[in-house]
Amino acid sequence: MIVVMKEGATDAQIKTVTSKLNDLGYDVHPDRGVNQIIIGVVGDTRSLDPRILEILDGVTEVLRVTEPYKLASRSFKPSDTVIEIQGVRIGGPEVVIIAGPCSVESESQIHEIAATVRKTGGKILRGGAFKPRTSPYSFQGLGVEGLKIMNDAAKANHLVTVSEVMEISQIEFMEQYVDIIQVGARNMQNYSLLKELGHIQKPVVLKRGLSARIEEMLMAAEYVLSGGNSQVIFCERGIRTFETYTRNTMDISAIPVVKKRSHLPIIADPSHGIGIRDKIIPMARAAIAAGADGLMIEVHNEPDKALSDGAQSLYPEQLAQLVPELRAIAAVIGRTIE
Ligand code: PEP
Ligand code: MN
């Protein structure tokens, strides 16, 4: 439920509404728009009679949020949510570049790539230490050691980190060594994991499941948000379709659709989205043009020797060439890339 206040409603009137709701046992989320304040009501509002709010001074109307996702919906919070991590803002006018290897493989590898990311204009270093591999015989990641060396490499290069959590028992290591926690496509509907992430205060990148509809992704975010963690960043990373010429089908259309339906930021991962090195570049350009708040791109110092996803990892020179192009595209739609 949302309470729409009149233009020019006074602080005292807003206070009366929020106190009334708090007295009734609801939490409130006031969202200050350009002209108007919208107060989001959190909790089970089925038995709440809107008329007791409508009669209060300064209230224009009281509306029920009809989407099944509430906290994630734009009707609940009309203004864009900007998530800030050590000065890096995701969801604002600036488009953020996140880059790094699929997996953290060694100290020298991650340091070398971190330096490349920093030099090319990236703000966030990605790298998996717990890897969800299709085959149990493939490289499974360096585990906690991987997180530690990635954290060192990131700090040495003034970068923020993002890495994937696969299960609840790994959250404590994430809290210690990682700035942004990624939930991978295969775990988008791991509701116990999502609930646990709702209880921590680090941003979560929620990747779209392999066969997940957009609404299912929005509902997955609701699990994190309803636990009390308001920092969710969606990530479009391609979905499985009948197409076989690409690894996945990069659903660029999800970007404006999510932007319309949710106030939360959405980034795009063209690397997993299409999965073929030379096609990552056009998909990255398209994602920025479609309004993505950031890009997550796999880059490797020696892609041909990478322990995972080498075939979709860019060479450092390719990333260096791509970023200025993305900057130009961002400028056309009134955004920037530092
Ligand atoms: C990854 O980011 O390396 C990864 C495994 O991604 P996804 O969950 O999208 O497959
Ligand atoms: Mn990968």
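Residues numbered from 1 in each chain as written. Chains lettered and ligands numbered in written order. Predicted model: local features only at pLDDT ≥ 70, side-chain atom pairs only at ≥ 80, totals over all residues. Heavy atoms only, no water.

Digging into the domain arrangement of the protein chain
Put simply, the rule is: Domain extents, as shown, originate in an automatic or database domain assignment.
Taken as a whole, the protein chain is organised into domain 1 (2-63) and domain 2 (83-332). For domain 1 and domain 2, the distance between their C-alpha centroids amounts to 37 Å.

Observations regarding the sheet that holds strand E2 (residues 27-32)
The following threshold applies: Strand pairing follows a simple DSSP-based rule, namely that at least 2 bridges must link the two strands. Only DSSP runs of H or I with at least four residues qualify as helices, and only runs of E with at least two residues qualify as strands; both kinds are numbered from the N terminus onward. Axes, fitted as lines to C-alpha atoms, cover a helix only where it is in contact. Angles between the N-to-C directions of the axes lie from 0 to 180 degrees.
An order of E2-E3-E1-E4 is seen for the 4 strands of this open sheet, with the pairing classed as antiparallel. In this open sheet, the two edge strands, each paired with only one partner strand, are E2 and strand E4 (59-63). Ignoring which end each strand starts from, the neighbouring axes of this sheet average 20° apart. When strand E1 (residues 2-5) meets strand E3 (residues 37-42), the two strands line up antiparallel, connected through 3 bridges. Among the inter-strand pairings, Val4 is bridged to a residue of E3, identified as Ile38.

Here's the deal with helix H3 (residues 107-120)
Selection criterion: In this analysis, the expected span of each helix is defined as 1.5 Å times one less than the number of residues it contains. Partly exposed residues are those whose accessible area sits between 20% and 50% of the maximum for their type, while under 20% is buried and over 50% is exposed, using a 1.4 Å probe and protein chains only. Working note: the arc is built from the helix axis to C-beta atom directions.
Between the first and last C-alpha of H3 there are 20 Å, a value that for 14 residues agrees with the 20 Å anticipated at 1.5 Å per step. For H3, the set of buried residues is Gln109, Ile110, Ile113, Ala114, Thr116, Val117 and Thr120. The arc that holds every buried residue of H3, seen down its axis, measures 160°, which confines them to one face. Of the exposed residues in H3, those oriented more than 90 degrees away from the buried face are Ser108 and Lys119. Downstream of H3 by a residue or two, Gly121 has a phi angle that is positive, lying close to 105°.

Notes on the coordination of the manganese ion (ligand 2)
The condition is simple: In this description, a donor is an N, O or S atom within 2.8 Å of the metal centre, a cutoff extended to 3.2 Å for sodium, potassium and calcium. Water is not part of the atom list, which can make sites seem incomplete.
Taken together, Cys102 (SG), His272 (NE2), Glu298 (OE) and Asp309 (OD) make up the full set of protein donors to the manganese ion (ligand 2), lying 2.0 to 2.3 Å away. Read in sequence order, the donor residues for the manganese ion (ligand 2) give the motif C-x169-H-x25-E-x10-D. One end of the pair, His272, is in helix H9 (residues 270-274); the other, Glu298, is in strand E14 (residues 294-298), with 26 residues separating them in the sequence. Classification of His272 as buried rests on a relative accessible area of 9%.

As for the packing of helix H10 (residues 277-289) against helix H11 (residues 316-332)
The test is simple: Put simply, angles under 35 degrees are roughly parallel, angles over 145 are roughly antiparallel, angles from 65 to 115 are roughly perpendicular, and the rest are oblique. For any helix crossing, the convention is left-handed if the near helix is rotated counterclockwise from the far helix by under a right angle, and right-handed if that rotation is clockwise. Only heavy atoms matter for contacts: two residues are in contact if any of them lie within 4.5 Å across the pair. Three classes are used, and their members are as follows: Ala, Val, Leu, Ile, Met, Phe, Trp, Tyr, Cys and Pro are nonpolar, Asp, Glu, Lys and Arg are charged, and the others, Gly among them, are polar.
Remark: H10 packs on H11, axes separated minimally by 9 Å, with the N-to-C direction vectors making an angle of 20°. Accordingly, the angle class assigned to the pair H10 and H11 is roughly parallel. In this structure, the crossing between H10 and H11 has a hand that is right-handed. For the pair H10 and H11, the contacting residues are Arg277, Ile281, Ala284, Arg285, Ile288 and Ala289 in the first and Gln318, Leu322, Glu325, Leu326, Ile329 and Ala330 in the second. When grouped by side-chain class, the residues that make up the contact of H10 with H11 number 8 nonpolar, 1 polar and 3 charged.

Quick look at unusual backbone geometry
One non-glycine residue, Gln86, lies in the positive phi region at around 45°. A positive phi is found at His158, a non-glycine position, where the angle reads about 55°. Inspection of the secondary structure assignment puts His158 in the loop between helix H4 (144-156) and strand E9 (160-165).

What about the layout of surface pockets?
Short version of the rule: Both site types are read off a 1 Å grid over the protein atoms alone. A 1.4 Å probe that fits but cannot get out defines a cavity, while an open set with protein on both sides within 12 Å along at least five of seven lines defines a pocket; lining residues have an atom within 4 Å of a point. Grid points are joined across faces, edges and corners, and a volume is the space filled by probe spheres set on the points.
Quantified by volume, the largest pocket comes out at close to 290 Å³. Lining of the largest pocket is provided by 16 residues; of these, His29, Leu71, Phe76, Leu225 and Ser230 occupy positions nearest its centre. When residues of the lining of the largest pocket are traced back to their parent elements, those giving at least two are E2 and helix H7 (214-226). Take the lining of the largest pocket: its biggest share by element is 4 residues, from E2. Residues belonging to the lining of the largest pocket are distributed by class as follows: 6 nonpolar, 7 polar and 3 charged. Its volume calculated, the second largest pocket comes out at about 240 Å³. If you trace the second largest pocket, you find 19 residues lining it, with Pro132, Arg186, Arg247, His272 and Asp309 closest to the centre. Partitioning the lining of the second largest pocket into residue classes produces 3 nonpolar, 7 polar and 9 charged.

Here we look at the packing of H3 against H4
Their axes nearest at 9 Å, the elements H3 and H4 cross at an angle of 30°. Considering their axes alone, H3 and H4 lie roughly parallel with respect to each other. Taken as a pair, H3 and H4 cross one another with a handedness that is right-handed. Between H3, through Glu107, Ile110, His111 and Ala114, and H4, the contact on the second element is made entirely by Ile149, Met150, Asp152, Ala153 and Ala156. Split into classes, the residues belonging to the contact of H3 with H4 amount to 6 nonpolar, 1 polar and 2 charged.

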